[in-house]
Amino acid sequence: MFIEKEYINSVLEQAKDTDDNEIEAILNRAEHSRGLNHTDIAALLQTTKPEHITRIFSIANNIKQQIYGNRIVLFAPLYVSDYCVNQCAYCGYNCGNSFNRRKLTMDEIRREVLILEQMGHKRLALEAGEDDDRCSIDYILECIHTIYDMKCNNGEIRRLNVNIAATTTENYRKLKDAEIGTYILFQETYDQDVYNRMHISGPKKDFAYHLEAFDRAMEGGIDDVGGGVLFGLADPFFEVIGLMIHNEHLEKKFGAGFHTISVPRLCKSGTININAFPHLVNDQVFEKITAVIRLAVPFTGMILSTREGHTMRKKLLKLGISQLSAGSSTEVGGYSRREEGRSNPQFEVNDDRDATAIIGELMDDGYIPSFCTACYRSGRTGDRFMELAKSGQIKDVCLPNALLTLREYAEDYGNDSFKEKAKAAILREYPHISNDRIRKLTVENVEKIGAGARDLYL
Ligand code: SAM
């Protein structure tokens, strides 16, 4: 196995001796947006000097601006089944919890997707508990086809990321054939002892099988994989080093590391007593971790969900986050049943503003909410994406595509004031663009983005 507890502990221990000059040298290297290795990261994580932390934050913001500009990619989760055979100590779906479990019928999925499309979403993350009998791979594949087929007016889902339990190479090949975007799986914790304690029973208890899931996914042809840990289970610095070693392992073996990294923090959930978890991560440490990850992997998308509240989400956008979920429900059938109130969410969300409010605030704060899915549709995945990203070329494609999808969103879902804001955002990025070309951004070209065969340039 490429994760060894003693090794990670020794890296963290040795890094405690890093002197100020060495920290400065690491930060100088980080400024060039070429990434850092896990030993550099161990030193940065453990520095407590305010001047170092201020500089880490400032470099994280600069890297974010340099590589992603003002763009923030938006998505929403779609929970399709809460059947689960695992007993995970932190999760509301724990099979020991008794509640009315269910999976969505295809008609219910269409209803959920319709609501998400009406919010303007083009990118979803499909979520499910693990139960090979009641939520089989065939069911998941049927969900995927239903979601991609579901079109309403101008609404359609163009990229479906999938967050289901670790599975076989053969099943990953099926997911690839069903044209999923990123396969997302959180390791939960890289500390095997904690992992064993947290996963009391069920197939997820197998640490190695879970850890090697991305190897199987990539062997099955999936190019883009998204990692993460559930912060709050074990020592957060240990977790970040684990994540970095995992990323280095995938880079070495497959030529591309994580396409995205998520930074979920443990939230309240039905029956769990959050205070019984001794490694809860406070805000200060969480901010530092996010910024350090941005320095380590400048080209990896960083995802923040509604597990975080409004204020923290705003803050972390300046420390490296490039993708946000908006208007999320963490419950099976939760979008259709919103009016009735939530009943069995996997965990409680902390930013429950609707998508319009979140997107509107992003615009007011000078960001460009992006609904772009062109990379995936144009085959820019895995090492191809990373090559373009590392050479700096990717942003020439991303900015116009982001503006195009923002313009499309404004036309389809915005009121007059939102349309004006979208126009102002385009003018901010391209001050000399004519009104005629702004109009063309939607009128002529949107369909081509939908068809997805090519990218569109201003
Ligand atoms: N069943 C799949 C698996 O085993 O990986 C999908 C996982 S679940 C739908 C998505 C993620 O939610 C989990 O990987 C876990 O990290 C996170 N999660 C579970 N309980 C949570 C809680 N109480 N607070 C925050 N996140 C939680």
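Fair warning: this is a prediction, and the values are worked out from it, not measured in the lab. (Residues numbered from 1 in each chain as written. Predicted model: local features only at pLDDT ≥ 70, side-chain atom pairs only at ≥ 80, totals over all residues. Heavy atoms only, no water.)

A. Fine view of the packing of helix α6 (residues 137-149) against helix α7 (residues 169-177). Remark: α6 packs on α7, axes separated minimally by 10 Å, with the N-to-C direction vectors making an angle of 10 degrees. When the axes of α6 and α7 are compared, the pair comes out roughly parallel. For the pair α6 and α7, the sense of crossing is right-handed. Facing α6, whose interface residues are Ile137, Ile140, Leu141 and Ile144, α7 presents Asn171, Lys174 and Leu175. (Axes fitted to C-alpha atoms, helices over the stretch in contact; angles between N-to-C directions. Helix = DSSP H or I, 4+ residues; strand = E, 2+ residues; numbered from the N terminus. Parallel < 35°, antiparallel > 145°, perpendicular 65-115°, else oblique. Left-handed = near helix turned anticlockwise from the far one by under 90°. Contact = heavy atoms within 4.5 Å.)

B. Spatial organisation of unusual backbone geometry. Its identity is not glycine, yet Ser33 carries a phi of approximately 55 degrees, on the positive side. Inspection of the secondary structure assignment puts Ser33 in the loop between α2 (20-30) and α3 (38-46). In this structure, Asn153 takes a positive phi of about 50 degrees despite not being glycine. Mapped onto the elements, Asn153 comes out in the loop between β4 (151-152) and β5 (155-156).

C. Fine view of helix α18 (residues 416-429). For α18, with 14 residues, the first-to-last C-alpha span of 20 Å sits near the 20 Å given by 1.5 Å per residue. Residues Phe418, Ala422, Ala425 and Ile426 constitute the buried set of α18. Around the axis of α18, the buried residues are gathered within 95 degrees of arc, so they sit on the same side. Away from the buried face of α18 by more than 90 degrees, exposed residues Asp416 and Glu420 are located. (Expected span 1.5 Å × (residues − 1). Buried < 20%, exposed > 50% of the residue type's maximum accessible area, 1.4 Å probe, protein only. Arc of directions from axis to C-beta.)

D. Spotlight on the nonpolar core. Counting 142 residues, the largest nonpolar core has Val80, Leu126, Ile140, Ile144, Leu175, Ile293 and Leu295 as its most contacted members. Ignoring sequence-local partners within four residues, the contact set of Ile293 consists of Val240, Leu243, Met244, Ile261, Val263 and Met302. (Core = buried A, V, L, I, M, F, W, Y, C linked by side-chain atoms within 4.5 Å.)

E. A look at the side chain of Glu287. Looking at the secondary structure, you find Glu287 in helix α12 (residues 283-296). Judged by relative accessible area, Glu287 falls into the buried class, the value being 10%. For Glu287, the residues in contact, after removing those within four places along its chain, are Phe57, Met312, Lys315, Leu316 and Leu319.

F. Fine view of the site of the ligand. What surrounds the ligand is a group of 21 residues, the closest being Tyr90, Ala128, Glu188, Cys267 and Arg307. Here a nitrogen atom of the ligand and a side-chain polar atom of Arg307 are 2.9 Å apart. For the ligand, the accessible surface in isolation is 570 Å², of which the surrounding protein chains cover 98%. (Near = heavy atom within 4 Å. Polar contact = N/O pair within 3.5 Å; in protein donor to acceptor, adjacent residues only side chain to side chain. Areas by Shrake-Rupley, 256 points an atom, 1.4 Å probe, with all protein chains shown as cover.)

G. Molecular detail of the pairing of strand β11 (residues 301-304). Neither face of β11 is left uncovered, since the one carrying Gly301 and Ile303 and the one carrying Met302 and Leu304 both have all their residues buried. In this structure, strand β10 (residues 260-262) lies alongside β11, joined through three bridges in parallel fashion. Across the sheet, residue Ser262 finds its bridge partner in β11, namely Ile303. Note: β11 against strand β12 (residues 323-325), two bridges, orientation parallel. Its bridge partner being in β12, Leu304 is matched across the sheet by Leu324. After leaving β11, the chain enters helix α13 (residues 310-316) and then returns to the sheet as β12, a path that is right-handed. (Pairing = 2+ DSSP bridges. Right-handed = clockwise from strand over helix to strand, strands pointing away.)

In short, geometric facts, not functional conclusions.
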